[in-house]
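Here are the chains, one letter per residue:
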Amino acid sequence: MITINEELCKGCEICTDFCPKKVLASSNTINKKGYYLPAATHKDKCTGCRLCELMCPELAILISKE
Amino acid sequence: MKEDKIFHPRANKYLRTEMLPTAFCPGCGCGTVLNGFLQALDELKLDPKELVFVTGIGCSSWIPSPYFKGDTLHTTHGRPIAFATGVKVMKPDMKVIVIAGDGDIAGIGGNHLIHAARRNIDISVFMVNNWNYGMTGGQVSPTTPFGVRTGTTPYGSAEHQLEAAEVVAAAGANYVARWTTYHVFPMVKAMQEALRVKGFSFVEIIAQCPVSYGKMVKMRRGSDFLKLYKEKSVKVEKARQMSDEELEGKIVVGKLKERKRTEFVSTLRQINERFRQELAN
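Asker: Summarise the pattern of salt bridges; cite the residues concerned and give the values.
Answerer: Residues and elements named next belong to chain B. Considering all chains together, one arrives at 13 salt bridges over all chains under this definition. R178 is paired through a salt bridge with E204; the nearest N and O atoms lie 3.2 Å apart. Taken together, the positions of R178 in strand β5 (residues 175–180) and E204 in strand β6 (residues 201–206) put the pair 26 residues apart, joining distant regions of the chain. Both residues of the pair, R178 and E204, count as buried. Of the charged contacts in the structure, one is a salt bridge between K189 and E193, with a shortest N-O distance of 3.6 Å. In this pair, K189 and E193 are both assigned in helix α8 (residues 184–196), four residues apart and thus about one turn of the helix distant. Residue classification places K189 among the exposed positions, given a relative accessible area of 52%.

Listed below in structure tokens is the structure:
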């Protein structure tokens, strides 16, 4: 399961650019600080490699087993 | 409210979560280093009470300084290794970790780095190399690549880059590695190895600065740098078979050196003990 912490995200888009399966994509949702948040669009494709979780500079993504 | 703000179990264990979100710019590599380091600590199951973080001045010195729960020394510019040496000699049971930037460790405190490596004192140094002095607005640093425009070299840097990891390897450190923020999994592994090694361990992490450095080289997104690191990096095994001309502009990544020299603090204690015994007889 992909959880994105909306308060911590700064919209740098590293997760959307480097997700090997393109699970994450930019969305039009804006958080309180005005950053565009990523969204998990293809959750079924996620292999749980945790690349986005470790690459996120803001500790805003958590991959967990359902 | 503060409780649900953070959901990373390891962040709750090691970080002062009330300080989050971090002070870093969007897309900054320091955050990735913080994240990876947290993972390394969590996998090694280290107690935050056994850790001493020593940092200097600069963006990357903000990685441990307000965020980690361990004891923290935020020292003067360029001197974190000097302070860390003092801490380690007086508290040999504590794990002393230095996380600071290239300006701090390779630039202003370059001599401390070389001599701490030569002494082989048991501290772990993580140098976050963003190729410039980012906090002050992007001035040239000893690790800026040749010919790059920065705030103080508007016509391109005339100086060549300092390869800090190679210098430390030559100076006598027990463990030397270099990775970039693109290589997160090997970076975490190298951090763990560095924390486990007895003796001076040094990990250079090339991290992006999309704001101060990026504005001069027209790379405004963190991902632009990560793609560059992916293209330019060469594994150390492959790099050994390449000529100097071929390696120009490349980033050599991997474990550069591992040796087993005796460590400084234990040797110092042995000498002291011997002297005490001689005095008693």
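Asker: So what's going on with the pairing of strand β2 (residues 24–30) of chain A? Residues and values would help.
Answerer: Residues in a regular strand point their side chains to alternate faces of the sheet. Residues and elements named next belong to chain A. As judged from the four bridges shared by β2 and strand β3 (residues 36–40), these two strands associate in the antiparallel manner. Directly across from I30, in β3, lies its bridge partner Y36. Taken together, β2 and the strand that follows it, β3, pair antiparallel across an intervening segment of five residues, in which G34 is found at a positive phi of about 90°.

Asker: Account for helix α3 (residues 29–44) of chain B, naming residues and giving values.
Answerer: Residue and element names in this part refer to chain B. Across its 16 residues, α3 extends 23 Å between first and last C-alpha, which sits within 8% of the 22 Å expected from 1.5 Å per residue. Within α3, 13 of the 16 residues are buried, leaving the element largely enclosed by the surrounding structure. Positioned one or two residues after α3, K45 has a phi angle of 55°, which is positive.

Asker: I'd like a rundown of the interface of chain B and chain A, residues and numbers included.
Answerer: Taken residue by residue, the interface counts 34 residues in chain B and 26 residues in chain A. Summed over both partners, the interface of chain B with chain A comes to about 2,500 Å²; 63% of that surface belongs to carbon and sulfur atoms. Its salt-bridge partner being E13 of chain A, residue R221 of chain B comes within 2.9 Å of it at the nearest N-O pair. Scanning the region where chain B abuts chain A turns up 13 residue pairs in polar contact (both at pLDDT 80 or more). For the side of chain B that touches chain A, the secondary-structure elements that each account for two or more residues are α2 (9–14), α3, α8 and α10 (222–232) of chain B. Broken down by element, the side of chain B that touches chain A gets its largest block of residues, seven residues, from α3 of chain B. Classifying every residue of the side of chain B that touches chain A gives 18 nonpolar, twelve polar and four charged.

Asker: Account for the sheet that holds β6 of chain B, with residues named and values stated.
Answerer: Residue and element names in this part refer to chain B. Read across the open sheet, the eight strands follow the order β2-β1-β3-β4-β6-β5-β8-β7; overall the sheet is mixed. The outermost strands of the open sheet, each flanked by one partner alone, are β2 (71–74) and β7 (233–235). In this sheet, adjacent strand axes meet at a mean angle of 20° when their direction is disregarded. Here four bridges tie β5 to strand β8 (residues 251–258), and the two strands are oriented antiparallel to one another. Opposite V176, over in β8, you have K257 as the bridge partner. Against the sheet, α8 engages β3 (95–101), β4 (124–129), β5, β6 and β8, with an angle of about 160° to β5.

Asker: Could you give an account of the environment of I114 of chain B, with specific residues and numbers?
Answerer: All names here are of chain B. Mapped onto the fold, I114 is located in helix α6 (residues 110–119). What makes I114 partly exposed here is its relative accessible area of 32%. Considered as a pair, I114 and A164 are 50 residues apart in the sequence and their alpha carbons are 9.4 Å apart. Apart from residues lying up to four places away in sequence, I114 is in contact with V167 and A171.

Asker: Give me the lowdown on the nonpolar core, citing residues and values where you can.
Answerer: One broad rule of soluble globular proteins: the nonpolar side chains tend to lie buried together. Residue and element names in this part refer to chain B. L15, F37, L41, F68 and F126 are the most contacted members of the largest nonpolar core, which has 68 residues in total. With residues up to four places along the chain from it excluded, the contact list for F37 reads F53, F68, I97, I99, F126, M191 and L195. Core analysis: the next-biggest nonpolar cluster, separate from the first, contains 35 residues, I81, V89, V96 and V98 among them.

Asker: Let's hear about the state of the cysteines: which residues, and what values?
Answerer: Counting across every chain of the model gives zero disulfides over all chains. In this model C52 of chain A remains outside any disulfide bridge; the closest cysteine sulfur is found in C19 of chain A, 6.2 Å from its own. Residue C59 of chain B stays outside any disulfide, its sulfur separated by 5.8 Å from that of C30 of chain B, the closest cysteine. Residue classification places C59 of chain B among the partly exposed residues on the basis of a relative accessible area of 24%.

Asker: Which residues make up the packing of aromatic side chains, and what are the values?
Answerer: All names here are of chain B. Taken as a whole, this structure holds ten aromatic pairs over all chains when the rule is applied. Judged by centre distance (5.3 Å) and plane angle (65°), the ring pair of F37 and F126 falls under edge-to-face. Taken as a pair, F37 in helix α3 and F126 in strand β4 lie far apart in primary sequence, 89 residues in all. With respect to class, F37 is no different from F126; both count as buried. Ring-pair connections join several aromatic residues into one group, and the members of that group are F37, F53, F68 and F126. The positively charged end of R119 is found above the aromatic ring belonging to F264, 6.0 Å away from the centroid.

Calculation notes
Residues numbered from 1 in each chain as written. Chains lettered and ligands numbered in written order. Predicted model: local features only at pLDDT ≥ 70, side-chain atom pairs only at ≥ 80, totals over all residues. Heavy atoms only, no water. Salt bridge = Lys/Arg side-chain N within 4 Å of Asp/Glu carboxyl O. Helix = DSSP H or I, 4+ residues; strand = E, 2+ residues; numbered from the N terminus. Buried < 20%, exposed > 50% of the residue type's maximum accessible area, 1.4 Å probe, protein only. Pairing = 2+ DSSP bridges. Expected span 1.5 Å × (residues − 1). Contact = heavy atoms within 4.5 Å. Buried area = accessible area lost by both parts, 1.4 Å probe. Polar contact = N/O pair within 3.5 Å; in protein donor to acceptor, adjacent residues only side chain to side chain. Nonpolar A, V, L, I, M, F, W, Y, C, P; charged D, E, K, R; others polar. Axes fitted to C-alpha atoms, helices over the stretch in contact; angles between N-to-C directions. Core = buried A, V, L, I, M, F, W, Y, C linked by side-chain atoms within 4.5 Å. Disulfide = S-S within 2.5 Å. Phe/Tyr/Trp six-rings, centres within 6.5 Å; stacked < 30°, edge-to-face > 60°. Lys NZ or Arg CZ within 6 Å of the ring centre and 35° of its normal.

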